Structure formats: structure tokens, C-alpha cells
Amino acid sequence: MRLQISFQPSSLISIFIVFLSMLITACSPTPNKNLERARSDYQQAANDPAVMANASADLFAAEKTLQRAEDAWQEDDDSDEVDHLSYLASRKVDLARATASEVAAKKTFEELSAQKDQVRLQARNAEIAKLKFKEIMTLGDVLFDTGGSNLKSGGVQQLYPLVEYLKNNDKTMVKIEGHTDSRGSSEYNLNLSQMRAEAVRDFLITSGISPQRISAQGMGEGSPVATNSTSAGRQQNRRVAVFISESPQSMTPSSFGRGM
Amino acid sequence: MFTIKTFLRLGPSVAMISLLLVGCASEPPKELLSQAEVAIQNAERNGAAQYEPALLSSARTKLDQAHREVDDDENEKGARLAEEAIAEANLANAKAKAVREANQADEMKKAIEALKQETSR
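Residues numbered from 1 in each chain as written. Chains lettered and ligands numbered in written order. Predicted model: local features only at pLDDT ≥ 70, side-chain atom pairs only at ≥ 80, totals over all residues. Heavy atoms only, no water.

A. Representation of the environment of A:A45 within the structure. All names here are of chain A. Inspection of the secondary structure assignment puts A45 in helix 2 (residues 33–46). Classification of A45 by relative accessible area gives buried; the value is 0%. In contact with A45, not counting residues within four places along its chain, are V51, L59, V93 and R97. (Helix = DSSP H or I, 4+ residues; strand = E, 2+ residues; numbered from the N terminus. Buried < 20%, exposed > 50% of the residue type's maximum accessible area, 1.4 Å probe, protein only. Contact = heavy atoms within 4.5 Å.)

Quick look at the structure:
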């Protein structure tokens, strides 16, 4: 009796596959805990939109180090090297997270400081609104060129007493209102009166008066002091009015009467 | 133009260079040691001693250890420790900066609240 062993081709293939997979199993390194942690650290950070948005460069650096760790593990380098690279990768992921939170905090800070400026402005306006103002001078349109908002040198001279007064009374607030006559569109006039009021304000600031003490507003053509139907009336309406806050210790000096 | 062909031609020399680099690993990692020193000083300047003392001192310890390994001709160990010191110092630096930014934002928030209260009085 002859023992006959015959292999079907299909069973040959399966034996080959089993053999191959045994080889592969033998070759693949045992899992490394540090590498696994680095992978999951990286994956979590990469899935965090804030990190992606604010620290993509750091995240990329972490990814490269993680890849080095993967390569070292694949090539079956000694576990010290895999541990080392995995540790580096994890720290770089942490760095990306820290950078992301730094950037986010910086943004918050910037938003808040804009908000603070706004609150401060509102506070100052509320403060000014509480004060009682009296008009101390009206500057005629000789201050400016027709239709322009550049102070003429003759106009500047009219402002010197005001500067002196404000320097001597450093608690006083000053309010500047620009007015026009009714020729031209009301929008044009509003804009022109604003620019003229601001020109006076800017002159006071360059003369050393704190911007905190000054408010400047264009009133347009809506507050005439005379008729707009005669040229003399219109000239009176083109003006910059200056008000100062009334307070006991800041009396208007006699040298500083109604201007013009 | 950089093509696959040039890459293939360059391949062997790249391999040579990397072999050389591996060979260099037995040289003292002076560059890494000084980089670690700079990274630690950077972190100190940004307040890491105050905000991230543990991480900063770990970086310092690893750098000291790295120096000792290099003195004992254990250059590869020294290089690894120096690299870890750099990573830790950079992390301490970034964390300290993040905390400082967050503190500044908090202070700004308080300042706004104070300003608002002052106004409403």
C-alpha cells in the first residue's frame, strides 16, 4: 500500500499565505506604548479646529517627528530611539496646543482692548454730556478758505487766546461745533462742518492741549443763527462755535470774550 | 529641472550623506547642546520659571545629563537628551507665553468692568 499525499493547488496557496503571514508577524515590531500615545496625541490635536487654524506650522513639525518615530519603529530600530522620537512628537503636539491657545488669547486681548477704547469713549462722552457748557467764542468763516477745512494763518491767530486759556485752566473741557450756511447739500455741509471742527481740534492738540479735553462735532446747516436768504446772514451762519465747561475755578478771563 | 531622474541620480549620494551623518552621531552633539541652552534661556526670559517651573527644570536636568553623557563619550544618548531638553524648553516657553497672554486678556476684561462701573456711577 502506498501512501499518497497529494496537494491541491488551492491548498498549496493557502499554506504559502499562512507561511507568509507568519513571516510578517515575526517581522513586525511589538507595539510601542510611547508611539501609540504620540499617535493619539497628534490625532486629537489634528482634529482640533483651533489648533489647525492657529498652529498649523507647529502641528506640521509634530507630524514630521511622528513620522520619524513611525519609520524608526517600522525599521525595527532599538526601542530607545522609538521612545525618544515618540516623546519628542508628543511634546511638539503639546507645543502646537500651547501656540494655539496663545494665539487665541492674543485675539481675545485685541478684541477686548478695542472694546475698552469704545467703553472709554462712551464714558468720556457721558462725562462731557453731564457738564454744563457755555459758548465763549464764535469763529467766523475767515478761519477757512471757501469750501475748505484748512485753517488760515489769520484764523490760527484767533485761536491763540483759546489755547492760552485752556493751558491756564487745565480742568476745563472744550467743545467745538462746526456750522455752515444752507447752500449746498446738507450732507456736504455736515461733512464740511465736521472737518472744520476737527481742524480746530487738531490745532488745539498740536498746541499741546490733551485730546481727552476736546470734543469736536460738525452740526451741518441745521442750526443757523441768522437768515440764510442774505449773504450777510449766511456769513454769520458759517462759523465754528467754541464752548467750555463751566466750573467754579475756571472763570472766563476778560481778555477772552466773544471772538471774531 | 528637478526630475525623478535627477532624484535617482542623487539617490546614492543622498544615501552616502545620510550614512555619513549617522557616522557623525558619534561626534559630540555640540550644536544640539547649545540649541538647548538657548531654548532654555528663551523660556526663562518669557517667564517659564514662574509659569512652567516643572517643565523648565526637567529641560535643565536633561541638558545637564546630556553634557555628562557627552563627557562619557555617550554621544548618541547625549544627543537624545539634548533634543528632549530643546522640546521641553520650547514647550515651557510657549506655555508661559500663552499664560501671559491669557492673563493680559483677563486684566483687560477687569479694566473694562471697572470702567463700566465707574461710568454707571
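So, next bit.
B. Main features of the packing of helix 5 (residues 79–130) of chain A against helix 5 (residues 75–120) of chain B. Direction vectors running N to C along helix 5 of chain A and helix 5 of chain B enclose 15°, while the axes themselves pass 7 Å from each other. Taken together, helix 5 of chain A and helix 5 of chain B sit at an angle that is classed as roughly parallel. The element helix 5 of chain A and its partner helix 5 of chain B pack so that their crossing is left-handed. Here the contact of helix 5 of chain A with helix 5 of chain B is built from residues that sort into 20 nonpolar, nine polar and 18 charged. (Axes fitted to C-alpha atoms, helices over the stretch in contact; angles between N-to-C directions. Parallel < 35°, antiparallel > 145°, perpendicular 65-115°, else oblique. Left-handed = near helix turned anticlockwise from the far one by under 90°. Nonpolar A, V, L, I, M, F, W, Y, C, P; charged D, E, K, R; others polar.)

C. Looking closely at the interface of chain B and chain A. Contacts between the two partners involve 25 residues from chain B, matched on the other side by 27 residues from chain A. Both faces combined, the contact of chain B with chain A buries some 2,200 Å², and carbon together with sulfur accounts for 71% of it. Contact with chain A buries area across many residues of chain B, yet B:R80, B:E101 and B:M108 alone supply 25% of it, more than any other trio. The tally of links from chain B across to chain A stands at two salt bridges. (Buried area = accessible area lost by both parts, 1.4 Å probe. Salt bridge = Lys/Arg side-chain N within 4 Å of Asp/Glu carboxyl O.)

D. Up close: the nonpolar core. If you look at the biggest cluster of nonpolar residues, it comprises 24 residues, and the most contacted ones within it are A:L162, A:L166, A:V174, A:I176 and A:L204. Mapped onto this core, the elements with two or more residues apiece are strand 1 (133–140), helix 6 (153–168), strand 2 (174–179), helix 7 (186–206), strand 3 (214–218) and strand 4 (239–245) of chain A. Residue contributions to this core peak at six residues, all from helix 6 of chain A. Residues contacting A:V174, with those up to four places away along its chain left out, are A:F133, A:L166, A:L204, A:R213, A:I214, A:S215, A:V242, A:F243 and A:I244. Membership of the second largest hydrophobic core comes to 23 residues, among which are B:A43, B:L63, B:V70 and B:L91. (Core = buried A, V, L, I, M, F, W, Y, C linked by side-chain atoms within 4.5 Å.)

E. The sheet that holds strand 2 of chain A, seen in detail. All names here are of chain A. Within the open sheet, the four strands sit side by side as 1-4-2-3. Their pairing is mixed. Both outer strands of the open sheet, strand 1 and strand 3, are each paired with one neighbouring strand and no more. Direction aside, the axes of adjacent strands within the sheet are offset by 20° on average. With five bridges connecting them, strand 2 and strand 3 associate as parallel partners. (Pairing = 2+ DSSP bridges.)

F. Focus on the packing of aromatic side chains. All names here are of chain A. For the structure on display, the rule yields one aromatic pair over all chains. The interplanar angle of 45° and the centroid separation of 6.2 Å between the aromatic rings of Y160 and F203 together place this pair among those described as tilted. Here Y160, found in helix 6, pairs with F203, found in helix 7; they are 43 residues apart in sequence, far enough to count as distant. Overall, the relative accessible area of 46% leaves Y160 in the partly exposed class. On the basis of relative accessibility, which here comes to 13%, the residue F203 falls in the buried class. (Phe/Tyr/Trp six-rings, centres within 6.5 Å; stacked < 30°, edge-to-face > 60°.)

G. Just the environment of A:Q44, in detail. All names here are of chain A. Relative to the assigned elements, Q44 resides in helix 2. According to the relative accessible area criterion, Q44 is exposed, its value standing at 52%. Taking C-alpha positions, Q44 is 9.3 Å from V93, a pair spaced 49 residues apart along the chain.

H. Expanded view of helix 2 (residues 30–45) of chain B. All names here are of chain B. In this model, helix 2 (16 residues) spans 23 Å end to end at C-alpha, consistent with the 22 Å of a helix rising 1.5 Å per residue. Taken residue by residue, helix 2 has L33, A36, A39, I40 and A43 as its buried positions. When helix 2 is viewed along its axis, its buried side chains cluster within an angular range of 125° and face the same direction. Of the exposed residues in helix 2, those oriented more than 90 degrees away from the buried face are K30, E31 and R45. Against the buried residues of helix 2 lie helix 3 (48–51), helix 4 (53–71) and helix 5. Once helix 2 finishes, G47 follows within two positions and takes phi at roughly 85°, a positive value. (Expected span 1.5 Å × (residues − 1). Arc of directions from axis to C-beta.)

I. Here's a closer look at the pairing of strand 2 of chain A. Residues and elements named next belong to chain A. Of all six residues making up strand 2, five are buried, and the element is well covered by its neighbours. With respect to chirality, the unit in which strand 2 leads through helix 7 into the neighbouring parallel strand 3 is right-handed. One ladder, built from six bridges, connects strand 2 with strand 4; its direction is antiparallel. Bridge pairing in strand 4 places I176 opposite V242. (Right-handed = clockwise from strand over helix to strand, strands pointing away.)

J. Broad picture of the pattern of salt bridges. Residue and element names in this part refer to chain B. Tallied over the entire structure, the rule returns 15 salt bridges over all chains. As a salt-bridge pair, E37 and R60 come within 3.3 Å of each other at their nearest N and O atoms. Of this pair, E37 sits in helix 2 while R60 sits in helix 4, and the two are 23 residues apart along the sequence. E37 gets classed as partly exposed once you look at its relative accessible area, which sits at 25%. The class of R60 is partly exposed, set by a relative accessible area of 27%. R80 is the partner of E76 in a salt bridge, and the nearest nitrogen-oxygen pair spans 3.2 Å.

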